[in-house]
Amino acid sequence: MKKAKHRLSSFLGMPIDSATVFKPVYFLFINADGKDAGNAIFIDFNLIYKMNEEERVNFLAHEFFHNLREKYENHGFNYTCDMNYTLDMIQNEGVADMIDKAGGYEKYYSETMELPELAEIMVALYGQAPEDLGKLQNVIVKYSKDEITEKEMVDTIIELVKINGHPIGFFMANQITKAGYKNEMIETFYNPYKFYSLYNKAAKEQGGFRLSDEFMDYLKEITKGYYH
Ligand SMILES: [Zn+2]
């Protein structure tokens, strides 16, 4: 536990003040994933058992990141509607995956988790992340112009944003990191507008899929007032 907190603190480059109360961690036999549900973090015992110490520390640090981020994120924005929640969740999981999956999905799911089938799925989703991100922006822009209803928009984004937004978020976080903006990404880890802006800055410099000005303007509009 101590090591996981230390790992999170060094990833974020900031001390975690002693007043931060981390949720208790329960080790259970459930599916092969950690779950931050309500007042505690549940982790499958089988999963922890397969991991070496470093992997275990990283895994816990990922879960603690969510725990800590809750104190910084803007609940007013996130819980206004499903769209806001999804946009924020992509950042939340994308940045968190940099803590325990920095070596990539292939390595993590096939070596650490020993789940080659899941590795295949995650790698495929990661590969199509730029395309999915493009579709996500298109549906949100359409909604912003009243071309589709909120329900139609939400139904589409639920289809598009798979596995809690991990693959899209992790793809974005990796592009940001490759472009040299990891520090900026970490400094603004609770602000979705900054995450999408940094992604676009990275894509502009490095090539690859870029979000449109139309989408970015809309995102700026809906987030302003919540973040400074
Ligand atoms: Zn997570």
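Residues numbered from 1 in each chain as written. Predicted model: local features only at pLDDT ≥ 70, side-chain atom pairs only at ≥ 80, totals over all residues.

1. Re the overall build of the protein chain
Each helix and strand in the protein chain was counted, giving 13 helices and three strands. Against the 2.2 N^0.38 benchmark of 17 Å for 228 residues, the protein chain shows a C-alpha radius of gyration of 17 Å, consistent with a compact globule. Judged by the C-alpha coordinates and their principal axes, the protein chain covers about 50 × 40 × 35 Å. Buried positions account for 36% of the 228 residues belonging to the protein chain. Pairs at least 24 residues apart make up 61% of the contacts formed inside the protein chain by residues separated by at least 6 positions. (Helix = DSSP H or I, 4+ residues; strand = E, 2+ residues; numbered from the N terminus. Rg over C-alpha atoms; globule rule 2.2 N^0.38 Å. Buried ≥ 20, exposed ≤ 12 C-beta atoms within 10 Å, placed from the backbone. Contact = placed C-beta atoms within 7 Å.)

2. Observations regarding the nonpolar core
Ala 61, Ile 176 and Met 185 are the most contacted members of the largest nonpolar core, which totals 44 residues. Where this core is concerned, the elements lending two or more residues are helix H1 (2–12), helix H3 (53–72), helix H5 (82–100), helix H8 (129–144), helix H9 (150–160), helix H10 (166–178), helix H12 (192–206) and helix H13 (213–223). The element best represented in this core is H3, accounting for seven residues. Residues within four places of Met 185 in sequence aside, it is in contact with Val 95, Ala 173, Ile 176, Phe 195 and Leu 198. (Core = buried A, V, L, I, M, F, W, Y, C linked by C-beta atoms within 7 Å.)

3. What to know about H10
Taking 1.5 Å of rise per residue, the 13 residues of H10 would be expected to cover 18 Å, and the 18 Å separating its terminal C-alpha atoms lies within 8% of that figure. Burial of H10 is extensive: 11 of the 13 residues sit out of reach of the surface. Taken residue by residue, H10 has His 166, Pro 167, Ile 168, Gly 169, Phe 170, Phe 171, Met 172, Ala 173, Asn 174, Gln 175 and Ile 176 as its buried positions. Once H10 ends, the next one or two residues include Gly 180, with phi positive near 90°. (Expected span 1.5 Å × (residues − 1).)

4. Focus on the domain arrangement of the protein chain
Splitting the protein chain by domain gives domain 1 (2–72) and domain 2 (75–223). Here the C-alpha centroids of domain 1 and domain 2 sit 22 Å apart. At the interface, 16 residues of domain 1 touch 11 residues of domain 2. Of all the secondary-structure elements, those providing two or more residues to the side of domain 1 that touches domain 2 are H1, helix H2 (45–50) and H3. The element best represented in the side of domain 1 that touches domain 2 is H3, accounting for nine residues. (Domains from an automatic or database assignment.)

5. Some words on the packing of H8 against H13
The relative placement of two packed helices comes down to the angle between their axes together with the axis-to-axis distance. Two elements in contact, H8 and H13, have axes whose closest approach is 10 Å; the angle formed by their N-to-C orientations is 65°. In this structure, H8 meets H13 at a crossing whose hand is left-handed. In this structure, H8 uses Gln 137, Ile 140, Val 141 and Ser 144 to contact H13, whose residues at the interface are Glu 214, Phe 215 and Tyr 218. When the residues that make up the contact of H8 with H13 are grouped by side-chain class, the tally is four nonpolar, two polar and one charged. (Axes fitted to C-alpha atoms, helices over the stretch in contact; angles between N-to-C directions. Left-handed = near helix turned anticlockwise from the far one by under 90°. Nonpolar A, V, L, I, M, F, W, Y, C, P; charged D, E, K, R; others polar.)

6. With respect to unusual backbone geometry
If you check the backbone angles, Asp 146 has positive phi at about 60° while not being a glycine. Unusually for a residue other than glycine, Asn 164 sits at a positive phi of about 55°. Position of Asn 164 relative to the elements: it lies in the loop between H9 and H10.

7. Description of the packing of helix H6 (residues 105–112) against helix H7 (residues 116–127)
Look at H6 against H7: their axes get within 8 Å of each other, and the N-to-C directions meet at 170°. In terms of axis orientation, H6 runs roughly antiparallel to H7. Residues Tyr 105, Glu 106, Tyr 109 and Ser 110 of H6 pack against Pro 116, Leu 118, Ala 119, Met 122, Val 123 and Tyr 126 of H7. (Parallel < 35°, antiparallel > 145°, perpendicular 65-115°, else oblique.)

8. Describing the environment of Phe 11
Within the secondary structure, Phe 11 is located in helix H1. With 22 C-beta atoms counted inside 10 Å, the residue Phe 11 sits in the buried group. The residues touching Phe 11, leaving out its near neighbours within four places in the chain, are Ala 61 and Ile 99.

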